[in-house]
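Listed below, chain by chain, are the residues.
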Amino acid sequence: MLRDYQQRTIDQLYKWFAEGRKGHPCIELPTGSGKSHIVAAICKDALTQWPETRILMMTHVKELIEQNAEKMRDHWPDAPLGIYSAGMRRRDIGEPITFAGIQSVRDKADQIGHVDLVLIDECHLVSHKQEGGYRKLIDDLMRVNPALRVIGLTATPYRLGHGYITDEPALFADIISPVGIEELIYKKYLMPLRSKLTAHQISVDGVHRRGGEYIESELQAAVDTDKNNIATVDEVIRLAGDRRSWLFFCAGVKHAHNVADLLNARGISAACIVGETPKAERERIVDSFRSGDIRALTNANVLTTGFDHPDLDLIAMMRPTLSTGLYVQMAGRGMRPKGHTDHCLVLDFAGVVQTHGPITAVNPKKAGKGTGEAPVKVCDVCNELNHISAKECVACGEPFPEPKPLKQKLHDDDIMGLDTTEMNVTDWQWRRHVSRVSGKEMLMVTYYGALSDKPVNEYLTVMHDGYAGQKARTLFARISNHCGSDADMRHTDLTSAIKEMNECAPPGVIKFRQDGKFYRVTERRWG
C-alpha cells in the first residue's frame, strides 16, 4: 500500500504526461520518502496496463540497484525483473524490467534494444551537457525508439556549478515536487534534525576552487590537521552525551582514517569506510555500526547515497563543500524515524549549514567565473533577485543581514529552518502584487487568524525567471494541490489563479518565522 504522498506523486506524474508536455520530467522527493516504492508502483502499473512495455531503471552504485530491486520484489513479488551490473555479477537481458548500473550498460544499447521508459535514480548526476554515460546511452536508445520517455528521481535536483537540472541546456524539462520535508516530518515519516554552531570551526582560508568546488588536495591539507581533528573529536565527545550512533563526513581518505584513529584513542569504538574498503569488510563494519558494536563511523565520499541507518543520532560535518546537493545528502542520512530518540543532532564544524541554508529552503547556486551576470542574492521575504552588494531588497525593502564574525552568531543554527511561531488560520486572501522597482508581478497571500493575531503576508514570485520563479511556482503548485485546486502557474494567468485560490479553503494552521518586519511561512496544515 502506497502512502498518500507516494500515490500523489504518481498522480501528478500521470497528469504531467496527460497534459502533453514535451521533454522529460524530474521528480523531486526528499531523502527517506521511499523513491524505491514509487518506482516499483510505476513499473507495475505500466506493465499491467501495457504488457509490451520495456523499462530500464538505472543508477550509479550497486547498493542502490540492490535496494531498488529489493523494494520492487516487496511491492511486486512476481515482477519480471532482470539485473545488469558488473559489480553484482549479473548481466540479465530480455526481461521487461531491467535494473542496471550506468557504468555497466553505457555502451550496451545494442544489447538492450527497444526501451519505452527509462527511470534514473539520483538523476542529478546526469550531465546537463550532451556528454557522459547517461546522455550517451539515452541518445543511443532514442535512435532505436524516438518515443522513449525518461523519468528522473532525486532529492537534490541541482548540479554543482550549474544550478537546477532544468536550467538550459538540460535533459529534464520540468521538476515535479509532490511533497516537502515539512509534510513528511509532520506525518512522522521523517524525524527532524537539530543543529548547533560548534565552538570549533574549520577554516578554508587559502583553499582555491575549481569547477564550483574546493580543490580536493588543498581542502584536505587545510582540514586534516592535528588542531582541527583534536578540537573536533573532543567537542563531539563532549556534546554527544548518550547518543549511540555517530557518523563523520570527512574531507578525504587520510582524514577519515585519522579521525577514526583519534576516536579510538579517546576510547570511542570507531571504524572507517572509504572507496577502497573491500566489500566484505564494508559490510562487516556497517553491520557492526548498526548493531551498536561500533559507535562512530568515519567516511570520505561514500556514505551519502545508498546508506540507510535509521537509528543514526549524530552527524559530524567535517567536510566543507560548496555543493548544495552533497550537503542535503549528508544531512538527509539523519532524518529516518528512530527507535530511541525524536531527532538527530548535526554538529557543523565545516560551516555548510551557513553556506547553503536550512535543508527546507536551500539555494543552489551557479558557479561564478567573473563573467556574465553579476552575482545575486535572493530576498528571503519576497524572493526578489538583488545584486550581491545590496543592503536591502529593492522590491520590499527588507534589510539583508550584515555579515558578522562567527563568534557573534547565535549559539544554535536552525538546520531545519523551522524555528517558528504557529497561528490558527481563519481565512486567507490572494491578490496581485507588483515590485515597486522592477515592475514584475507576483502573487501575495495574506493569512488571517484571531482578532488578536497580526495578519501574515507571503509573496510568491511566480512570474520571475530562474531560481526564484522555479521555487515560487513549485511552492504554489504544492499549496494548490493541498487545497484541492488544479491551479498551476505554468498553465494559467495571475487573475485566474487568484480567483480560484480565493475560492479554496485555507490551511487550518500555519507556522511562520519573523524576518525583520516581514514573515516567512515554513509550514501549512490542512484538515
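Just so it is clear, the model here is predicted, and its values are computed rather than measured. Numbering of residues starts from 1 in each chain and follows the order in which that chain's sequence is written. Only residues with pLDDT of at least 70 get local features here, since the model is predicted, and only at 80 or more are side-chain atom pairs given and counted; chain-wide, interface and lining totals rely on the full set of residues. Heavy atoms from the whole structure form the basis of all side-chain values; hydrogens and water molecules are not counted.

1. Thoughts on the overall build of the protein
Phase 1 of the analysis: Secondary structure is summarised from DSSP: a helix means a run of H or I of at least four residues, a strand means a run of E of at least two, and numbering begins at the N terminus for each. Within the protein, the secondary structure is distributed over 15 helices and 26 strands.
Phase 2 of the analysis: Radius of gyration: C-alpha atoms only; globule rule: 2.2 Å multiplied by the number of residues to the exponent 0.38. Against the compact-globule benchmark of 24 Å for 527 residues, the protein has a radius of gyration of 24 Å, which places it among compact chains.
Phase 3 of the analysis: Three exposure classes are used, based on accessible area relative to the maximum for each residue type with a 1.4 Å probe and protein chains only: buried under 20%, partly exposed in between, and exposed over 50%. The buried share of the protein, reckoned over its 527 residues, is 54%.
Phase 4 of the analysis: Contacts: residue pairs with any heavy atoms within 4.5 Å of one another. In the protein, the proportion of contacts linking residues at least 24 apart, taken out of those at least 6 apart, comes to 68%.
Phase 5 of the analysis: Under the convention used here, a 1.4 Å probe and the Shrake-Rupley method define accessible areas, while residue burial counts only the protein chains that appear. For the protein, the accessible surface area stands at approximately 23,800 Å², while carbon and sulfur atoms represent 49% of it.
Phase 6 of the analysis: Positive: Lys, Arg. Negative: Asp, Glu. His and the chain ends are not part of the count. By convention, charge coordinates are those of NZ in Lys, CZ in Arg, CG in Asp, or CD in Glu. Between the centroid of the 67 positive side chains of the protein and the centroid of its 69 negative side chains there is a distance of 2 Å.

2. A short note on helix α11 (residues 279-291)
Phase 1 of the analysis: By this rule the span expected of a helix is its residue count minus one, scaled by 1.5 Å. The end-to-end C-alpha separation of α11 is 18 Å, in line with the 18 Å expected for 13 residues at 1.5 Å each.
Phase 2 of the analysis: Buried within α11 we find Arg282, Ile285, Val286, Ser288 and Phe289. On an axial view of α11, the arc spanned by its buried residues comes to 160°, and they lie on one face.
Phase 3 of the analysis: Here the buried face of α11 lies against α3 (62-75), β14 (246-249), β15 (270-273) and β16 (296-299).
Phase 4 of the analysis: Looking one or two places after α11, you find Gly292, whose phi comes out positive at around 95°. To obtain the arc, one takes the directions from the helix axis to the C-beta atoms.

3. Observations concerning the packing of aromatic side chains
Phase 1 of the analysis: Ring geometry is summarised as follows: Phe, Tyr and Trp rings, the Trp one being its six-membered ring, pair when their centres sit within 6.5 Å, and such pairs are stacked at plane angles under 30 degrees, edge-to-face over 60 and tilted between the two. Using the criterion set out here, one finds 8 aromatic pairs in the structure.
Phase 2 of the analysis: Aromatic side chains Trp16 and Phe17 sit 5.4 Å apart centroid to centroid with 90° between the ring planes, which places their arrangement in the edge-to-face category.
Phase 3 of the analysis: According to the relative accessible area criterion, Trp16 is buried, its value standing at 3%.
Phase 4 of the analysis: On the basis of an interplanar angle of 50° and a centroid distance of 6.1 Å, the ring pair of Trp428 and Tyr447 is categorised as tilted. One end of the pair, Trp428, is in strand β22 (residues 427-434); the other, Tyr447, is in strand β23 (residues 441-448), and 19 residues separate them in sequence.
Phase 5 of the analysis: In this structure an aromatic cluster arises from ring pairing among Trp428, Trp430, Tyr447, Phe476 and Trp526.

4. Overview of the sheet that holds strand β17 (residues 314-317)
Phase 1 of the analysis: As summarised here, the arrangement of the 6 strands in space is β11-β18-β17-β14-β16-β15, forming an open sheet in which the pairing is parallel. The open sheet has two free edges, formed respectively by β11 (193-197) and β15, since each of these has just one partner strand. Pairwise comparison of adjacent strand axes, ignoring direction, gives a mean angle of 20° for this sheet.
Phase 2 of the analysis: Taken together, the 4 bridges between β15 and β16 define a ladder with parallel strand orientation. In the sheet register, Ile273 faces β16, and the bridge partner there is Asn299.
Phase 3 of the analysis: Think of each axis as a best-fit line through the C-alpha atoms, taken over the contacting stretch in the case of a helix, with angles from 0 to 180 degrees between the N-to-C directions. The sheet contacts of helix α9 (residues 226-240) involve β14, β17 and β18 (344-348), and relative to β14 the element is tilted by about 155°.
Phase 4 of the analysis: Its contacts with the sheet put helix α12 (residues 324-332) on β11, β14 and β17, and the angle it makes with β17 is roughly 155°. Strand pairing is defined by DSSP finding a minimum of two bridges between the two strands.

5. Notes on helix α6 (residues 133-144)
Phase 1 of the analysis: The terminal C-alpha atoms of α6, which comprises 12 residues, lie 17 Å apart, in line with the 16 Å expected from a rise of 1.5 Å per residue.
Phase 2 of the analysis: All buried positions along α6 are accounted for by Gly133, Tyr134, Arg135, Leu137, Ile138, Asp140 and Leu141.
Phase 3 of the analysis: Considering only its buried residues, α6 is in contact with β2 (55-59), α4 (102-105), α5 (109-112), β6 (117-121) and β7 (149-154).

6. Considering the packing of α9 against helix α10 (residues 253-265)
Working note: a packed helix pair is described by the angle between its axes plus the distance between those axes.
Phase 1 of the analysis: Interaxial distance between α9 and α10 falls to 10 Å at its minimum, and their mutual angle equals 50°. In this view, α9 runs oblique relative to α10, as classed from their interaxial angle. For the element pair α9 and α10, the recorded crossing hand is right-handed. Facing Asn229, Ile230 and Val233 of α9, the residues of α10 in contact are His255, Asn258, Val259, Leu262 and Leu263. The labels follow the angle: roughly parallel below 35 degrees, roughly antiparallel above 145, roughly perpendicular from 65 to 115, and oblique for the rest. Left-handed describes a crossing in which the near helix is turned anticlockwise from the far one by less than a right angle; the clockwise case is right-handed.

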